[in-house]
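In case you want the letters, here they are:
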Amino acid sequence: MRRDYLIVGSGLSGAIFAREATRRGKRCLVIEKRKQAGGNIRCENREGINVHLYGAHIFHTSQREVWDYVTRLVPFNHFVNSPLANYRGRLFNLPFNMNTFYQLWGCVTPGEARAKIARQIEEAAITGQPANLEEQALALCGRDIYTCLIKEYTEKQWGRDATALPPEIIRRVPLRYTFDNNYFNDTCQGIPVGGYNPLVAKLLEGVEVWTGCNFFDDRPHLEGLADKILYTGRVDEFFDNRLGALEYRSLHFEQQLLDQPDFQGNAVVNYTSREVPYTRIIEHKHFEFGAQPRTVITREYPHEYSQDHEPYYPVNDARNEALLARYRELASASEQVIFRGRLAEYKYHDMDDTVASILQLVKQEFHE
Ligand SMILES: Cc1cc2nc3c(=O)[nH]c(=O)nc-3n(C[C@H](O)[C@H](O)[C@H](O)COP(=O)(O)OP(=O)(O)OC[C@H]3O[C@@H](n4cnc5c(N)ncnc54)[C@H](O)[C@@H]3O)c2cc1C
């Protein structure tokens, strides 16, 4: 049976498009190389706890249309992300706010905190354009915040010394002079009740999905099954890496089931010192206020990308941007193929931007 669309990838991008096209009477086939659908929002239930398999995912948005869309599909809880930082055994609230300034210096008023930060920026004496990430951060927030909460954490993330990283990585350091630990500034925030799998299931309801099916294992046959393709895999892979491979940063996750009800009392704790090799620990039950007798934690280690690792974060430096521009040219010449999603566009998208982008595509594609 010929389909209207072959959708390569069952992540948020592919699944939303599949739902919307199906609702408009189009026949869709979704193929997914992994064993399960859902892409990076896939969860796994362990001991009644929904474990975020590919990194913690917190839905947050100020786009009303996006929030209405997802909450019409499944209910969301009222989780608010309030991460902590652990620096050599001392705990600090994030994002940098009055609680953090109190923990660092004992400042109790915004005036004291502003004065302290201004003094430290002055002492750093960075004049002219910052030459690297270290100078940039010192110019924006001064010595203490940089040393305890930025320097070693960022070095772990990028695998390079802060003085060897470009200043553009930190465009600004958000400093909040209120006692507000809510990490995001968005108007809406939460986690789907029961994790992300019910959302994926709802999106793919009534859609034909083949899991364990890699597009490149049988490309000519699969291409022949549909009039058009929505491709959400890696753009360089689609073109056989013929211009060279785009670079990524990867992550390694170490999951542990613990025979205790609570490990850290919070969903996310960042480890900002270099002595600890991981960047954060996620305790999954806290995303859904779980009261299970046991708990599951994941230690997250930054990792060099290779073919054996998942491509997580694009490296948007000059080399990769130039290469991407050339792949985009090739992509725009492929009339039957639409390239969307974080891998096909080589762009970090939060989930709300992913939803918005696909809803926009649906409008274009179906002339609405
Ligand atoms: C570590 C991490 C944490 C994040 N945390 C947040 C967060 O807290 N909040 C937030 O809003 N956003 C977060 N995001 C962003 C979020 O993950 C993305 O917005 C979203 O997953 C993008 O969906 P996608 O469908 O474009 O990509 P993906 O979810 O990657 O889906 C692409 C799918 O295509 C499949 N595929 C690829 N190639 C092939 C092939 N050849 N054949 C068949 N299938 C193929 C893949 O297996 C995958 O399932 C995070 C991202 C990362 C990397």
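> How should the domain arrangement of the protein chain be read in this particular structure?
Interface extent is often summarised as the accessible area lost during association of the parts. Domain annotation for the protein chain reports domain 1 (3–80 + 187–246 + 317–365) and domain 2 (95–169). Computed from C-alpha coordinates alone, the two centres of domain 1 and domain 2 are separated by 36 Å.

> Even after reading the chapter, I still don't get the sheet that holds strand S1 (residues 3–8), so can you show me in this structure?
Hydrogen bonds between backbone atoms are what pair the strands of a sheet, whose relative direction is either parallel or antiparallel. Strand order in this open sheet of 5 strands is S9-S2-S1-S10-S16, and the pairing throughout is parallel. In this open sheet, the two edge strands, each paired with only one partner strand, are strand S9 (208–211) and strand S16 (337–339). Across this sheet, the average inter-strand angle for adjacent strands is 20°, counted without regard to direction. The sheet contact formed by S1 and strand S10 (residues 226–231) spans 5 bridges and is parallel. Considered in S10, the bridge of Ile-7 is made with Leu-230.

> Please explain the site of the ligand as it appears in this structure.
Near the ligand you find 34 residues, and of these Gly-9, Gly-11, Gly-39, Gly-55 and Gly-233 are the closest. Within the residue set of the shell around the ligand, elements represented by two or more residues are helix H1 (12–23), strand S2 (28–32) and helix H11 (351–365). Looking at the shell around the ligand residue by residue, the classes come out as 13 nonpolar, 15 polar and 6 charged.

> Any chance you could explain the environment of Val-209 here in plain terms?
Relative to the helices and strands, Val-209 resides in strand S9. In the structure, Val-209 is positioned 57 residues away from Glu-152 in sequence and 43 Å away in space, judged by C-alpha atoms. Aside from chain neighbours lying at most four places away, what touches Val-209 is Ser-10, Val-30, Glu-32, Ala-37 and Leu-204.

> Whenever I open this one, the nonpolar core confuses me. Can you help?
Most often, soluble globular proteins keep nonpolar side chains buried together rather than apart. Formed by 78 residues in total, the largest nonpolar core has its most connected members in Ile-7 and Ala-18. Setting aside its immediate chain neighbours within four residues, Ala-18 contacts Ile-7, Cys-28, Val-30, Leu-203, Leu-204 and Val-207.

> Would you mind going over unusual backbone geometry with me for this structure?
Omega for the peptide link from Leu-94 to Pro-95 comes to -10°, which places this bond in the cis form. The backbone phi angle of Asp-240 is positive, close to 55°, even though this residue is not glycine. Counting through the fold element by element, Asp-240 comes out in the loop between helix H9 (235–238) and strand S11 (248–258). Residues other than glycine seldom take positive phi values, yet Tyr-346 does so here, at roughly 50°. Judged by the 24 C-beta atoms lying within 10 Å of it, Tyr-346 falls in the buried class.

> Whenever I open this one, the sheet that holds strand S6 (residues 84–87) confuses me. Can you help?
Ordered in space as S7-S6-S12-S13-S14-S11-S15, the 7 strands form an open sheet in which the pairing is mixed. Strands at the two margins of the open sheet, each flanked by one partner only, are strand S7 (90–93) and strand S15 (313–314). Bridge count between S11 and S15: 2 bridges; the pairing is antiparallel. Each bridged residue has a counterpart across the sheet, and for Tyr-248 the counterpart in S15 is Pro-314.

> What is the right way to read helix H2 (residues 64–73) from this model?
Turn by turn, an α-helix covers 3.6 residues, leaving residues three or four places apart pointing in a common direction. For H2, the set of buried residues is Val-66, Trp-67 and Val-70. One face of H2 carries all of its buried residues, which in axial projection span an arc of 95°. Projecting away from the buried face of H2 at angles above 90 degrees are the exposed residues Arg-64, Glu-65, Asp-68 and Arg-72. Buried residues in H2 make contact with strand S5 (59–61), strand S8 (188–190), helix H7 (197–203) and H11.

> It is not clear to me how the pairing of strand S12 (residues 268–271) should be interpreted in this structure. Could you clarify?
Walk down a regular strand and you will see the side chains alternate between the two sheet faces. Bridge count between S6 and S12: 3 bridges; the pairing is parallel. Its bridge partner lying in S12, Ala-85 is registered against Asn-270. Sheet topology places S12 next to strand S13 (residues 280–283); 3 bridges connect them, and they run antiparallel. Across the sheet, Val-268 pairs through a bridge with Ile-282, a residue of S13.

> Help me out: how do you make sense of helix H3 (residues 98–105) in this one?
When H3 is considered as a whole, its buried residues turn out to be Met-98, Thr-100 and Phe-101. For H3, the buried positions fall inside an angular range of 155° around the axis, keeping them on one side. Of the surrounding secondary structure, the elements contacted by the buried residues of H3 are S7 and helix H4 (110–124).

Procedures and definitions
Residues numbered from 1 in each chain as written. Predicted model: local features only at pLDDT ≥ 70, side-chain atom pairs only at ≥ 80, totals over all residues. Domains from an automatic or database assignment. Pairing = 2+ DSSP bridges. Helix = DSSP H or I, 4+ residues; strand = E, 2+ residues; numbered from the N terminus. Axes fitted to C-alpha atoms, helices over the stretch in contact; angles between N-to-C directions. Near = placed C-beta within 6 Å. Nonpolar A, V, L, I, M, F, W, Y, C, P; charged D, E, K, R; others polar. Contact = placed C-beta atoms within 7 Å. Core = buried A, V, L, I, M, F, W, Y, C linked by C-beta atoms within 7 Å. Buried ≥ 20, exposed ≤ 12 C-beta atoms within 10 Å, placed from the backbone. Arc of directions from axis to C-beta.

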